[in-house]
Amino acid sequence: MKMQGKYRNDIQPSESTLVMALITLSGGLQDAYTYLTRSHVFANAQTGNIVLLASSLFSGEWRRALSYIIPVLSFACGILVSALLQHRFRKHDGVLHWRHIIITLEIVLLTAVAFIPSSFSAAANAVVSFSCAMQVEAFRKARGYAYASTMCIGNLRSCMESIAHYVTKEEEEGLRHAAYYALIILLFAIGAGAGAVLASAFGLYAILASSMLLAAAFLLMLRGKK
């Protein structure tokens, strides 16, 4: 098993632990928000949406199926747009990095979602799914660790693999990796919990907290770029 994630002084600003923490908190918050305030649809967990989509199709619930296929397609489009933006701007040498463009689009889209009425929740879910997809495609490493900021299954797998590496190789590096992935999972859970509390208190406007977290990440990345 090849272990990654050695601490380096030359990491990109977007790969810092603090930026990872902010966007992971935001990712958890987004998922809780759409599920609790937007018709019980997951913005990030497309596996769950696909399961519910298939269930709806097989039971002949066509309108319900539509509510699940929209976020899946939006997520796919978000991945595509993020990859195209990376290809177009990754060699740009100015103050702004291509990830600044991604995170700016996210902030704009998520802020707009706060003002979409509950009667148009399908559209709101599509926008959040698109935004989440751009995020998960653009932010894939933190201090050399490959991770996902909008879902937990890959992070949980990596955590357990790291523990297995420690058990079989008796290298402390495995524990350090496991602890880092456990931190990522914990941050996602905290973000989801905060999203639930905020959704209860502020309803549709709770998503603005996610925009604020992303804005803080943007500023940290900008400061690091300089």
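Residues numbered from 1 in each chain as written. Predicted model: local features only at pLDDT ≥ 70, side-chain atom pairs only at ≥ 80, totals over all residues. Heavy atoms only, no water.

K.L.:
Honestly, helix 1 (residues 17-37) in this entry has me stumped. Any pointers?
P.N.:
Residues that lie three or four places apart on an α-helix share one face, since the helix turns once every 3.6 residues. Under the 1.5 Å per step criterion, the end-to-end length of helix 1 is 30 Å for 21 residues, consistent within 8% with the ideal 30 Å. Along helix 1, 17 of the 21 residues are buried, which leaves the element largely enclosed by surrounding structure. Among the residues trailing helix 1, Ser 39 stands out with phi positive, at a value near 65 degrees. (Helix = DSSP H or I, 4+ residues; strand = E, 2+ residues; numbered from the N terminus. Expected span 1.5 Å × (residues − 1). Buried < 20%, exposed > 50% of the residue type's maximum accessible area, 1.4 Å probe, protein only.)

K.L.:
What is the right way to read the environment of Ser 55 from this model?
P.N.:
Residue position: Ser 55 is located in helix 2 (residues 46-58). In the structure, Ser 55 is positioned 44 residues away from Ile 11 in sequence and 44 Å away in space, judged by C-alpha atoms.

K.L.:
Would you take a moment to explain the packing of helix 4 (residues 98-113) against helix 5 (residues 121-138) for this structure?
P.N.:
Angle between the axes and distance between the axes are the two parameters that describe a pair of packed helices. Helix 5 packs onto helix 4 with a crossing angle of 160 degrees between their chain directions and a minimal axis gap of 9 Å. Put simply, helix 4 runs roughly antiparallel to helix 5. Both helix 4 and helix 5 take part in a crossing whose hand is left-handed. Residues Trp 98, Arg 99, Ile 102, Leu 105, Glu 106, Leu 109, Leu 110 and Val 113 of helix 4 form the contact with helix 5, whose own contacting residues are Ala 124, Val 127, Val 128, Phe 130, Ser 131, Met 134, Gln 135 and Ala 138. Taken together, the residues that form the contact of helix 4 with helix 5 break down as twelve nonpolar, two polar and two charged. (Axes fitted to C-alpha atoms, helices over the stretch in contact; angles between N-to-C directions. Parallel < 35°, antiparallel > 145°, perpendicular 65-115°, else oblique. Left-handed = near helix turned anticlockwise from the far one by under 90°. Contact = heavy atoms within 4.5 Å. Nonpolar A, V, L, I, M, F, W, Y, C, P; charged D, E, K, R; others polar.)

K.L.:
For this particular structure, what's the right way to read unusual backbone geometry?
P.N.:
Trans is the prevailing form of peptide bonds, just as negative phi is the prevailing case for residues other than glycine. Phi angles above zero are rare outside glycine, and Ser 39 is one such case at about 65 degrees. Within the secondary structure, Ser 39 sits in the loop between helix 1 and helix 2. Ser 39 sits in the exposed class, given a relative accessible area of 53%.

K.L.:
What should I look at first to understand helix 2 in this one?
P.N.:
Across its 13 residues, helix 2 extends 18 Å between first and last C-alpha, which sits within 8% of the 18 Å expected from 1.5 Å per residue. Looking at helix 2, one finds that the buried residues are Gln 46, Asn 49, Leu 53 and Ser 56. Along the axis of helix 2, the buried positions cluster into a sector of 80 degrees, meaning they face one direction only. Every exposed residue of helix 2 that faces more than 90 degrees away from the buried side is listed here: Thr 47, Val 51 and Phe 58. On its buried face, helix 2 sits against helix 3 (62-89) and helix 5. Count one or two residues on from helix 2 and you reach Gly 60, which has phi positive near 75 degrees. (Arc of directions from axis to C-beta.)

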